[in-house]
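So the chains spell out like this:
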Amino acid sequence: MRNKSAVIFFTILISLLCLFYISFTFVSRNIESDAEQFATTKDGKVNKIKKQEYLDSLSEVPVYLGFNYEEVKEKEINLGLDLQGGMHITLEVSPVEIVRALAGNSKDPAFQAALQKAIEKQKTSQKPFADLFYNAFQETAPNTKLSRIFSNAANKDRINYGTTDAQVVKIIQEEIDGAMDRSFEILRNRIDKFGVTQPNIQKLPGTGWIQIELPGVDDPNRVRRLVQGVARLEFCEVWEPQQVFTTLQALNDYWVRKQAINQPKNANTSAATGLDALKAKTDSTLTDPNTVASTDTAKGKSALEKQLASKGDSTKKDSLSAKTSLLFSLLKADRYGSLAYEVQDTAKINRLLQDPEAKALIPAGMWFTWSAKPDVSPDGKTKSLSLFAIKRDRDGKAALAGDVISDASLDLQQGGAGVSMKMTSAGARKWKTLTAANIKKPIAIVLDNYVQSAPTVQNEIPNGSSSITGNFTVDEAKDLALKLKAGKMPAPTRIVEEAVVGASLGQDSIVQGLVSMVVGLGLIIVFMLIYYSSGGMVANLALLFNIFFIIGILAQFSAALTLPGMAGLVLTMGLSVDANVLIFERIREEIRNGQSMLSAIKLGYDRAYSSIIDSNVTTFLTAAMLYWFGSGEVKGFAVVLMIGIASSLFTAVFITRLIIEWMSRKGETKSLSFSNRWSNNLLNHFNFDFVKNRKYSYMFSAGVIVVGFILIAIQGGLNLGVDFQGGRSYVVRFDKPLAAHEVRSAVEDDFKKTGLEVKTFDSDNQLKITTSYLITQEDEAADQEVKKALTTGLSQFSALHPTIVSSSKVGSTIADDIKSSSQKAVFWTLLVIFLYILIRFGKWQYGLGAVVALFHDVLIVIAAYGYARVFGVSFEVDEVFVAAVLTVVGYSITDTVVVFDRIREFSGKSSHQELEQSLNQSINNTISRTVITAMTVIIVIVVLLIFGGDVLRGFSYAMLVGVIFGTYSSIFIAAPIVLDFTSVKLFKKETAAS
């Protein structure tokens, strides 16, 4: 063996590096164990605050090799959310507001109509929003140039009336992309200070999406508020009560008239109810280092009564004799410049205020908006929100925008938590002017169009310091400060994909993964020892090195280990012995041909290299495609697979050869064996005419595929998971086992009998409930409505304490993207493999044979899902299924390459008969290694199928079918296809020669 010293050096170096990086995980776990012991109370409960204080105390203290705890934590092996619990979110940065702002909030009807059309098209299209908007604008106003809409003072340096539509579209897309970049930075700043260990935030290339992973999060609602809030802060003047009353009276009269037309005999209640309600006033305060505001409520009420009394007699008669509309009848309480309505009535009020004819009665610059948090009545039974009338100019701008805030921090006060703010020098000057002009008047502090508080100003505030109060909890005030400090988002965001995994479910996944690894490893070790004797022992040692290297490399790159990643580790154990099987089978073949042990070892390694390289490269390319087009957990699986392929190539080829040559040099050749009595000649004298019987193979495969697809059609199509069709999924745990059909019957009415699936998940007291109810609505209100429907349906099982341990949501847009990415992944994988085989073997027939065999395997795996449902087993087709299909492709090509490599040894055959004999001989000579490699992989797949849990059950089933039929296609399909398409060329040559 050449370069032995280099191999030894790299083996030692890699081993030391792996030990170094893996050690951080053990140190981190020990520190956290100490922290837990420190924070454990006498009753056995862990005080989380005390535990965090212990860990925080080590954040600046060297704890290991000069590294502090935070640095140690950064270098440990990360666990994915499915293994430790937490929250995964994919956000879409809405381009609509960007386009509106670029157009200067144009009111042009064609612009508004085109924007609405583009919004609708975006739900089902993957095209850039700028293109969707342009197409919609052309449909709406075909003879109008975009520059007419977008040429304004803000864009004067970029857009004028001579700018072409193509240039405007390019500028729009640049603005959208820029907003994406700014949003990413703002979100990253928010997340970094959120207090989560090892958060992950990344932009998804080619999309307007940002993916966020927050391990260990146990308050999903808080996270949603943090990432979705635009943090658009405004300081707004509030309209005078008399002006508000006049407007509301006009709106009330409008609705009275409208009600009279529809229901002439309705309601005789006097509008005085509404008038009386306007006569009260409550106190709000704006606190500042220099000023504390106070308000005389009695004086305020008196002033308001005088204002109302000063109105003419005719006005009073008209208003007091008017019938009450919904606007006043729903009134419950009031504030200065605001009205209060019960929370459940706010949607009705919004509809009344948004009526086009009603909006025309509202003065320019008067904007109605709600308070951020409800007031609760003393008895706790009623919650009401205040409706404020705030001032903005004609362009919708407030008196002072929040971009003047230079710093914001949590402010703990006696009355509760608040946010302390500091302004820039320019902002302080504007704030001074604003407060001076509004002494004894309220200023509304508005965040994302909701009023946080509306305190009354007592004195001019000169230094730009102030604080926001609003009945906040500590977490709410802290998050608000984070938003303000990080800055305003350039556009709103919406959650298009979400997954929440409970810690208990994550712990179950860890157990399943570890059991799968231990059992799979044990079975592989036993099989290799039995079949290859002492050679198997060497292969097992290389396998242990391989696992050690994979874990060490994962730690070095700070890659997250997910449950599919653990499955990839288990699968790699089966694939890693593949190279050893190729080498050992070749050594056994050389020994049977009369070579000595030393000579057979040398020839075995030398002649197996090309097959090993080709098979590993093609599998690596498949994993790379999976990583490129996959997302989330599938990427984790692809990473482990790629690392495993590279590591197994090194350990199986170089480390095993070092050990075997060392044993040979020590004179232990006699004790070195690669077989035993029963395995020595197993499958070695196989002589079957595969090529002659290829038509039967074609018919068999076609029959299996056609029948499978017919079954799928009869069954109503594949059982698409939420990854592919969108929807919401919940894993619910009960105290005792519960039949799935009982739960289905209980919840289907609440889900309006829309698409619903309920099945047992991992244990008999745990169910997975998937629904397409409100699938087209992806906002938080729809999320809450679906969850409410679920809890309502489960209420009849309250004695069993149903608990939602995990949930996930995939919007229809991202589901379409996942389907598109999956199709691209399969297409590009087949194309890349075709090109690689073409380059390596020099003939397109080999590439075609390989691709046809692989496409055959994909169709067989899909058809297998139809057969499974015949026996009452239904597997979801989701992104993990795609991972299984591509892994099958990667595995199947390895066997195909082995056969092709042997055919290449017999190259030079010029006639059809000689080529047919060559193909048969090649298949028969390689049948033993093809079957044995399949056996090793099947062993670990069966382990995953049994112990991997429901998350990986569909993956394991697809892999099992794929490996069996991948082995079959390598023997019965790939090589015969090469013969059929080469025969045409040979036939033409023979005909021409004759």
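Keep in mind that what you see is a predicted model, and the values were worked out from it rather than measured.

Brief notes about the overall build of the protein
- The helix and strand inventory of the protein stands at 33 helices and 24 strands.
- A total of 994 residues make up the protein; the buried ones form 52% of that total.
- Counting contacts in the protein only where the partners sit at least 6 residues apart, residues at least 24 apart contribute 75% of the total.
- In the structure as shown, the protein presents an accessible area of about 44600 Å², 57% of it carried by carbon and sulfur atoms.

Considerations on the packing of aromatic side chains
- Following the criterion strictly, the structure yields 33 aromatic pairs and no others.
- Considering the side-chain rings of Phe700 and Tyr968, the 5.7 Å spacing of their centres and the 70° angle between planes classify their relative orientation as edge-to-face. Here Tyr968 lies in helix α33 (residues 950–993) and Phe700 lies in helix α25 (residues 694–714), a separation of 268 residues in the sequence.
- Relative accessible area serves as the criterion here: at 44%, Phe700 is assigned to the partly exposed category.
- With a relative accessible area of 14%, Tyr968 lands in the buried category.
- Residues Tyr865 and Phe881 carry aromatic rings whose centres are separated by 4.9 Å and whose planes lie at 70° to one another, so their mutual orientation is edge-to-face. Here Tyr865, found in helix α30 (residues 844–870), pairs with Phe881, found in helix α31 (residues 879–905); they are 16 residues apart in sequence, far enough to count as distant. Taken as a pair, Tyr865 and Phe881 share a single burial class, namely buried.
- Aromatic rings pair up to connect Phe688, Phe690, Phe700, Phe965, Tyr968 and Phe972 into one cluster.
- Between Lys50 and the ring centre of Phe38, over which it is positioned, the NZ or CZ distance is 5.0 Å.
- One cation-aromatic arrangement involves Arg392 over Trp367; the distance from NZ or CZ to the ring centre is 5.0 Å.

Examining the confidence of the model for the protein
- Confidence in the prediction for the protein averages 77 pLDDT; 83% of positions are at 70 or higher.
- Of all the helices and strands in the protein, helix α13 (residues 297–309) carries the lowest mean pLDDT, 37, while α25 carries the highest, 92.
- Ignoring residues within four places in sequence, the model shows residues 264–322, a span with pLDDT below 50, making 97 contacts including any to other chains.
- Throughout residues 986–994 the model reports pLDDT below 50, and contacts reaching past four residues in sequence, or to other chains, amount to six contacts.

Things to note about the nonpolar core
- Core analysis: the biggest nonpolar cluster contains 138 residues, and Ile837, Phe881 and Phe900 have the highest contact counts within it.
- The leading source of residues in this core is α33, at 17 residues.
- With residues up to four places along the chain from it excluded, the contact list for Phe881 reads Val861, Ile862, Tyr865, Glu876 and Ala958.
- Listed in part, the 48 residues of the second largest apolar core include Ile89, Val96, Ala179 and Ala491.

Observations concerning helix α16 (residues 346–354)
- Listed in full, the buried residues belonging to α16 are Thr346, Ile349, Leu352 and Leu353. In an axial view of α16, the angular spread of the buried residues amounts to 115°, which keeps them on one side of the axis. Among the exposed residues of α16, those pointing more than 90 degrees away from its buried face are Arg351 and Gln354.

Observations concerning the sheet that holds strand β24 (residues 803–810)
- Pairing in this open sheet of eight strands is antiparallel, and the strands run β5-β6-β4-β19-β24-β21-β23-β22 from one edge to the other. The open sheet has two edge strands with one neighbour each: β5 (200–203) and β22 (756–761). Taken over all neighbouring pairs, the strand axes of this sheet differ in orientation by 20° on average, direction set aside.
- In this fold helix α10 (residues 220–228) packs onto β4 (86–93), β6 (209–215) and β19 (493–501), with an angle of close to 155° to the strand it touches most, β19.

Description of the pattern of salt bridges
- Taken as a whole, this structure holds 19 salt bridges when the rule is applied.
- Across the pair Lys121 and Glu139 runs a salt bridge whose closest N-O atoms are separated by 2.9 Å. You can see Lys121 sitting in helix α6 (residues 109–122) and its partner Glu139 sitting in helix α7 (residues 129–140), a full 18 residues away along the chain.
- In this structure, Arg158 engages Glu175 in a salt bridge whose closest nitrogen and oxygen atoms are separated by 3.0 Å. Linking Arg158 in the loop between α8 (147–150) and α9 (165–192) with Glu175 in helix α9, this pair joins segments that are 17 residues apart in sequence.

Re the packing of α25 against α30
- For the pair α25 and α30, interaxial distance at closest approach is 8 Å and the crossing angle is 50°. Here α25 is positioned oblique relative to α30, judged by the angle of their axes. Crossing geometry of α25 relative to α30 is assigned as left-handed. For the pair α25 and α30, the contacting residues are Ser701, Gly703, Val704, Ile705, Val707, Gly708, Phe709, Leu711 and Ile712 in the first and His856, Leu859, Ile860, Ile862, Ala863, Gly866, Tyr867 and Val870 in the second.
- Classifying every residue of the contact of α25 with α30 by side-chain character gives 12 nonpolar, five polar and no charged.

Section: the sheet that holds strand β16 (residues 443–447)
- One open sheet accounts for four strands, arranged β13-β7-β16-β17; its pairing is antiparallel. Of all the strands in the sheet, just β13 (400–401) and β17 (450–453) have a single pairing partner and so form its edges.
- The sheet contact formed by β16 and β17 spans three bridges and is antiparallel. Residue Val446 lies in a different strand from β17, and its bridge partner there is Val451.

Overview of a nonpolar patch on the surface
- There is a patch of nonpolar side chains on the surface, built from Val511, Val515, Val942, Ile946 and Phe947 and spanning about 370 Å² of accessible area.
- Looking at the nonpolar patch, the elements that each hand over two or more residues are α20 (503–556) and α32 (912–947).
- No other element matches the three residues that α32 contributes to the nonpolar patch.
- As for its placement among the helices and strands, Ile946 is situated in helix α32.
- Of the residues examined, Ile946 reaches a relative accessible area of 52% and is grouped as exposed.

Digging into the environment of Val96
- Mapped onto the fold, Val96 is located in helix α5 (residues 96–102).
- You can call Val96 buried: its relative accessible area is 8%.
- Expressed as a C-alpha distance, the spacing of Val96 and Ile176, which sit 80 residues apart in the sequence, is 9.0 Å.
- Apart from the residues lying within four places of it in its own chain, the contact partners of Val96 are Leu115, Ile119 and Phe129.

Digging into the pairing of β22
- Taken together, the six bridges between β22 and strand β23 (residues 763–771) define a ladder with antiparallel strand orientation. Among the inter-strand pairings, Glu757 is bridged to a residue of β23, identified as Thr770.
- Connecting the antiparallel pair β22 and β23 is a turn made up of one residue, with Asp762 showing a positive phi of about 75°.

Focus: unusual backbone geometry
- Even without glycine at this site, Leu65 takes up a positive phi of about 50°.
- Structurally, Leu65 can be placed in the loop between β1 (62–64) and β2 (67–68).
- Non-glycine residue Lys440 carries a positive phi angle of around 70°.
- Looking at where Lys440 falls in the secondary structure, it is placed in the loop between α18 (425–437) and β16.

Digging into α6
- Over its 14 residues, α6 extends 20 Å from the first C-alpha to the last, a length consistent with the 20 Å expected when each residue adds 1.5 Å.
- Those residues of α6 that fall on the buried side of the exposure criterion are Ala110, Phe111, Ala114, Leu115, Ala118 and Gln122. Buried residues in α6, looked at end-on, bunch into an arc of 130°, giving them a common side.
- Sitting at the amino-terminal end of α6 is Asp108, which places a side-chain oxygen 2.9 Å from the backbone nitrogen of Ala110.

So, the packing of helix α1 (residues 4–39) against helix α2 (residues 48–56)
- Packing of α1 against α2 brings their axes to within 8 Å, and their N-to-C directions diverge by 135°. When the axis of α1 is compared with that of α2, the two are oblique. The two elements α1 and α2 cross, and the hand of that crossing is right-handed. Facing Ile31, Glu32, Asp34, Ala35, Glu36, Phe38 and Ala39 of α1, the residues of α2 in contact are Lys50, Lys51, Tyr54 and Leu55.
- Among the residues making up the contact of α1 with α2, the classes are represented as six nonpolar, no polar and five charged.

Concerning the environment of Met528
- The topology assignment puts Met528 in helix α20.
- Judged by relative accessible area, which is 0%, Met528 ranks as buried.
- The spatial distance from the C-alpha of Met528 to the C-alpha of Thr936 is 8.6 Å, given a sequence separation of 408 residues.
- Once residues within four sequence positions are removed from consideration, Met528 is found in contact with Ser533, Gly536, Ala539, Asn540, Val577 and Thr936.

What about the side chain of Thr572?
- One can find Thr572 in helix α21 (residues 563–592).
- For Thr572, a relative accessible area of 4% puts it in the buried group.

Parameters and conventions
- Residues numbered from 1 in each chain as written.
- Predicted model: local features only at pLDDT ≥ 70, side-chain atom pairs only at ≥ 80, totals over all residues.
- Heavy atoms only, no water.
- Helix = DSSP H or I, 4+ residues; strand = E, 2+ residues; numbered from the N terminus.
- Buried < 20%, exposed > 50% of the residue type's maximum accessible area, 1.4 Å probe, protein only.
- Contact = heavy atoms within 4.5 Å.
- Areas by Shrake-Rupley, 256 points an atom, 1.4 Å probe, with all protein chains shown as cover.
- Phe/Tyr/Trp six-rings, centres within 6.5 Å; stacked < 30°, edge-to-face > 60°.
- Lys NZ or Arg CZ within 6 Å of the ring centre and 35° of its normal.
- pLDDT = per-residue confidence, 0-100.
- Core = buried A, V, L, I, M, F, W, Y, C linked by side-chain atoms within 4.5 Å.
- Arc of directions from axis to C-beta.
- Pairing = 2+ DSSP bridges.
- Axes fitted to C-alpha atoms, helices over the stretch in contact; angles between N-to-C directions.
- Salt bridge = Lys/Arg side-chain N within 4 Å of Asp/Glu carboxyl O.
- Parallel < 35°, antiparallel > 145°, perpendicular 65-115°, else oblique.
- Left-handed = near helix turned anticlockwise from the far one by under 90°.
- Nonpolar A, V, L, I, M, F, W, Y, C, P; charged D, E, K, R; others polar.
- Patch = residues over 30% accessible without salt bridge, like charges linked within 9 Å, V, L, I, M, F, W, Y side chains within 5 Å.
- Expected span 1.5 Å × (residues − 1).
- Polar contact = N/O pair within 3.5 Å; in protein donor to acceptor, adjacent residues only side chain to side chain.

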